[in-house]
Amino acid sequence: MIPRVGHAPEANRRYTARPGTYAILPLKDRFLLTLQVADRLDVQLPGGGIDPGEHPLQALHREVMEEIGWRISRPRKMGVFRRFTYMPDYDLWAEKICHIYVAKPVLQIADPIEEDHETLLLPADQAIDALGNDGDRLFLSRYVSLGSG
């Protein structure tokens, strides 16, 4: 079973499964993150939803490009978690199934394409503290504690 991180699902609420893929992107002694600046500020690992018929690695490359404008290489899967949340952009209660990868940032070729997104580059301790959900914090903390970051 995929471990749950964060709040338990509400018993009387229906959730839609939303698989997604997200990247830990170490750049020297810092980490690339995305800042979503819509109704409220939210710092996240770059990534997002896997479209129907899309391979998770295709989605990872696409989402990183859309959210921070970087090309990446050598993604390797670190793990997966699920979380139950409301997605206001979609007016949807979702069971997000989050596949976490570690990849090498290769080259920034554009500003973020996705509206209301900005690129952040933070040292490990600030990145962990800034992340807006428990699952992202858990996986970045694990990565850093392994001495990888």
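Residues numbered from 1 in each chain as written. Predicted model: local features only at pLDDT ≥ 70, side-chain atom pairs only at ≥ 80, totals over all residues. Heavy atoms only, no water.

A. Expanded view of the overall build of the chain. Regarding its fold elements, the chain presents three helices and seven strands. Scaling as 2.2 N^0.38, a compact globule of 149 residues should have a C-alpha radius of gyration of about 15 Å, and the chain matches this with 15 Å. Seen through its C-alpha atoms, the chain measures out along the principal axes to roughly 45 × 30 × 30 Å. A buried classification covers 44% of the 149 residues belonging to the chain. Taking the contacts inside the chain whose residues are at least 6 apart along the sequence as the reference set, 70% of them involve residues at least 24 apart. Here the chain has roughly 8,300 Å² of accessible surface; of this, 50% comes from carbon and sulfur atoms. Distance from the positive charge centre (18 side chains) to the negative charge centre (21 side chains) of the chain: 9 Å. (Helix = DSSP H or I, 4+ residues; strand = E, 2+ residues; numbered from the N terminus. Rg over C-alpha atoms; globule rule 2.2 N^0.38 Å. Buried < 20%, exposed > 50% of the residue type's maximum accessible area, 1.4 Å probe, protein only. Contact = heavy atoms within 4.5 Å. Areas by Shrake-Rupley, 256 points an atom, 1.4 Å probe, with all protein chains shown as cover. Lys, Arg positive; Asp, Glu negative; His and termini not counted. Charge placed at Lys NZ, Arg CZ, Asp CG, Glu CD.)

B. Local environment of the pattern of salt bridges. For the structure on display, the rule yields seven salt bridges. Two residues, arginine 82 and glutamate 95, come together in a salt bridge whose shortest N-O distance is 3.0 Å. Within this pair, whereas arginine 82 is found in strand β5 (residues 70-87), its partner glutamate 95 is found in strand β6 (residues 92-108), the two being separated by 13 residues in sequence. Judged by relative accessible area, which is 15%, arginine 82 ranks as buried. One salt bridge connects aspartate 134 with arginine 137, and the closest N-O pair in it is separated by 2.2 Å. Of this pair, aspartate 134 and arginine 137 are both found in helix α3 (residues 134-145), three residues apart, which corresponds to roughly one turn of the helix. (Salt bridge = Lys/Arg side-chain N within 4 Å of Asp/Glu carboxyl O.)

C. Examining a nonpolar patch on the surface more closely. Together, Val106, Leu107 and Ile109 line one region of the surface with nonpolar side chains, adding up to about 260 Å² of accessible area. Looking at the element boundaries, valine 106 is found in strand β6. (Patch = residues over 30% accessible without salt bridge, like charges linked within 9 Å, V, L, I, M, F, W, Y side chains within 5 Å.)

D. The arrangement of the side chain of threonine 34 in detail. Inspection of the secondary structure puts threonine 34 in strand β2 (residues 30-37). Excluding residues that lie within four positions of it along the chain, threonine 34 makes contacts with Asp42, Val43, Gln44, Leu45, Pro46, Glu67, Ile68, His117 and Glu118.

E. Examining the environment of leucine 131 more closely. Position of leucine 131 among the secondary structure elements: in the loop between α2 (124-130) and α3. Expressed as a C-alpha distance, the spacing of leucine 131 and lysine 104, which sit 27 residues apart in the sequence, is 20 Å. Ignoring sequence-local partners within four residues, the contact set of leucine 131 consists of Leu33, Val43, Gln44, Leu45, Asp136, Arg137 and Leu140.

F. The pairing of β6, seen in detail. Among the 17 residues that make up β6, twelve are buried, leaving the element largely enclosed by the rest of the structure. Pairing of strand β1 (residues 16-27) with β6 involves nine bridges; the strand directions are parallel. Looking at the pairing, arginine 18 lines up with lysine 96 of β6. Relative to β6, β5 runs antiparallel, the two being bridged by 15 bridges. (Pairing = 2+ DSSP bridges.)

G. Looking closely at the environment of tyrosine 86. Here tyrosine 86 shows up in strand β5. Not counting chain neighbours up to four residues away, the residues in contact with tyrosine 86 comprise Asp91, Leu92 and Trp93.

H. Broad picture of the nonpolar core. In this structure, Ile24, Phe31, Leu33, Leu45, Ile100 and Leu140 are the most contacted members of the largest nonpolar core, which totals 20 residues. Counting residues in each nonpolar core, the second largest holds ten residues, with Leu25, Leu32, Val64 and Trp70 among its members. (Core = buried A, V, L, I, M, F, W, Y, C linked by side-chain atoms within 4.5 Å.)

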